[in-house]
Amino acid sequence: MHTHSIFRALTLAALCTVCTRIPACTNLIVARGASADGSVMITYSADDYGSYGYLHHYPAADHPAGAMRDLYDYETSNYLGSIPEAAHTYGVIGQVNEHRLAIMETTFGGREELVDTTGLLDYGSLMYVTLQRARTAREAISVWTQLMDTYGYRSEGESITLADPEEVWVMELIGKGPGVKGAVWVARRVPDGCVTGHANQARITRFPLDKPDECLYSKDVITFARKRGYFKGRDADFSFRDAYAPNDFSARRICEARVWAFFNRVADGMDRYLPYALGTDADAEEMPWCVKPAKPVTLRQLKHAMRDHYEGTPMAMTSDLGAGPYEAPYRPTPLFFDVDGRRYFNERPISTQQTAVTYIAQLRSQLPEHIGAVLWVGFDDANMVPYAPVYATATLCPQPYAERTAGPFTFSLHSAYWLQNALSNFVYPRYSQLFPTLEQARDALDDQFESLQAKIEAEAAAMSRDEAIAHLTAYTERSAALMMNTWRDLFAHLIVRYNDMTVKPMTDGQYDRTAGGDHVPVQRPGYPEAYRRAIVSQTGDRYLVPSPR
């Protein structure tokens, strides 16, 4: 029987239990002057249960007069309509285009009455249409807002990261209500030398009204809030977040805490803002919008920030019963649950099992345009996958990352998403036992890809532009193949060694065997000591073996 047939029933059965979609993503941002290699770096985890992770790929193209661009909803794939196509569109792969512009997002929701479901463009359409039409972050803000004004905006409130090798901006926006085109918005440039982030909560509060190099905003962002009764006071005291996405416990503990976790990893003095991140003190001092890192941030540090589970903080997830017997830093959703009429919550870290695809865009001004942008990608929870390089000018999307290789209802071991999820879901139930082997393989691939980067780019720099693009495309495909082969081998090793909750013993990397070549008795470790004690504490003498008479 084919692998597809074996898993089809399991996949469909699992999909029957998928809960309502809850978009919940994270962007971490490293501005120019804050990174160790001089790059601008931004991250994105697309965290949406049920979504299939793949790379959107749009080759550069010229279009005849009168050509139209069809639009499909980013979350449902439902057809939305069409708009006139641009005469020329830029090449895009994932969340970055050939001119080193990257755009990523998180949804903050905000005031529900401001959603306009008659609008033609959702946030996903806006991301990809803008990537095809803009070359820089500032130009992208202009394209994005003009599109909303012309065709209408249909999504909830969004925080958008727009970055090029020189600048990175955060734009926060929300619609104006049913039947009203456009949106109210504000965009702030992240200062050079600083880091920031956003994670499903609006973060722009007060902003400068007269510094267009630092801040741009819609002309009605304040007057509209006054008209709707969201704000009273002086213009100088206006806060976008407080007007359009008021802060509460969930916004702080479920969302802002993820930004705090990033700040806490790279900057000094973040204990000061822990009460705010914990969310229980409504009067706690708020985190600053951005901070200066203690040291320049490396690509590897940013990868590990995307793998964060609040380790070493009061929100660490491996020290209570929810971690299970194998101390997994994961919790099933929903985020909130009720017991005896009281509401409780699960921690929501940056790294979460629902990630469909995770990105780090690394944008360098010191390299030629066709070489300087690389998108590091993984197709599951960042903690459980390596980041493989995809160059922004690649002319082909590697098969494991392509949209049609598989899908949300179609399992394939040729799909990076399904292979990485299959391995992760095998590891989760015995996390403390199996994860160290996965972590070793993950870090080894990260090491290999990072160590090859300078060599590959130096080779490309010595070639003509077309030759360099072909070289980077081939390397992108080889990297995808290496990752897939490594992950298949790792999956095979883990299921062979840890089959049926036992462990086949190994010595110096080789399975122990009998003289005849068969397996020696397997190890049967059972539950860890702490969990055995928890069982006895809960069950008393139920499982006590009687003493011999």
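To be clear, the structure that these remarks concern was listed above.
Residues numbered from 1 in each chain as written. Predicted model: local features only at pLDDT ≥ 70, side-chain atom pairs only at ≥ 80, totals over all residues. Heavy atoms only, no water.

A. Representation of the pairing of strand E6 (residues 79-84). As paired strands, strand E5 (residues 68-72) and E6 are joined by five bridges and run antiparallel to one another. Note that in E6 the partner of Asp70 across the bridge is Ser82. Where E5 hands over to E6, the hairpin turn is made up of six residues, of which Ser77 adopts a positive phi near 65 degrees. (Pairing = 2+ DSSP bridges. Helix = DSSP H or I, 4+ residues; strand = E, 2+ residues; numbered from the N terminus.)

B. Representation of the packing of helix H2 (residues 123-133) against helix H3 (residues 137-151) within the structure. Interhelical geometry of H2 versus H3 gives an angle of 130 degrees and a closest axis separation of 9 Å. Between H2 and H3, the interaxial angle falls into the category oblique. Both H2 and H3 take part in a crossing whose hand is right-handed. Across from Tyr123, Leu126, Met127, Val129, Thr130 and Arg133 in H2, the residues of H3 making contact are Glu139, Ala140, Val143, Trp144, Leu147 and Met148. Of the residues belonging to the contact of H2 with H3, the class tally is nine nonpolar, one polar and two charged. (Axes fitted to C-alpha atoms, helices over the stretch in contact; angles between N-to-C directions. Parallel < 35°, antiparallel > 145°, perpendicular 65-115°, else oblique. Left-handed = near helix turned anticlockwise from the far one by under 90°. Contact = heavy atoms within 4.5 Å. Nonpolar A, V, L, I, M, F, W, Y, C, P; charged D, E, K, R; others polar.)

C. Expanded view of the packing of aromatic side chains. Taken as a whole and judged by the stated rule, the model has 26 aromatic pairs. Seen from their ring centres, Tyr74 and Tyr123 are 5.3 Å apart, and the 80 degrees between their planes marks the pair as edge-to-face. With Tyr74 in the loop between E5 and E6 and Tyr123 in helix H2, this pair connects stretches of sequence that are 49 residues apart. Between Phe207 and Tyr217, the aromatic rings sit 5.4 Å apart at their centres with planes inclined by 50 degrees, giving tilted as the arrangement. With a gap of 10 residues between them, Phe207 in the loop between strand E14 (195-198) and strand E15 (215-217) and Tyr217 in strand E15 connect regions that are remote in the sequence. The exposure class assigned to Phe207 is buried, which follows from its relative accessible area of 7%. What makes Tyr217 partly exposed here is its relative accessible area of 28%. Among the aromatic side chains, those forming a connected cluster through ring pairs are Phe108, Phe207, Tyr217, Tyr230, Phe231, Phe238, Phe240 and Tyr244. Here the basic side chain of Arg111 rests over the ring of Tyr230, its NZ or CZ set 4.0 Å away from the ring centre. (Phe/Tyr/Trp six-rings, centres within 6.5 Å; stacked < 30°, edge-to-face > 60°. Buried < 20%, exposed > 50% of the residue type's maximum accessible area, 1.4 Å probe, protein only. Lys NZ or Arg CZ within 6 Å of the ring centre and 35° of its normal.)

D. Highlighting empty space enclosed by the protein. Applying the stated criterion across every chain yields a total of one cavity of 30 Å³ or more. Put simply, the largest cavity is a space of about 170 Å³. Split by residue class, the lining of the largest cavity holds 10 nonpolar, six polar and three charged. (1 Å grid on protein atoms, 1.4 Å probe; cavity = no way out; pocket = protein on both sides within 12 Å on 5 of 7 lines; lining within 4 Å. Points joined across faces, edges and corners; volume = space filled by probe spheres on them.)

E. Quick peek at the packing of helix H10 (residues 431-461) against helix H11 (residues 465-497). At a minimum axis separation of 11 Å, H10 and H11 run at an interaxial angle of 165 degrees. The angle between H10 and H11 places the two elements in the roughly antiparallel class. Along this stretch, H10 crosses H11, giving a crossing that reads as right-handed. Residue classes in the contact of H10 with H11 are distributed as 16 nonpolar, six polar and three charged.

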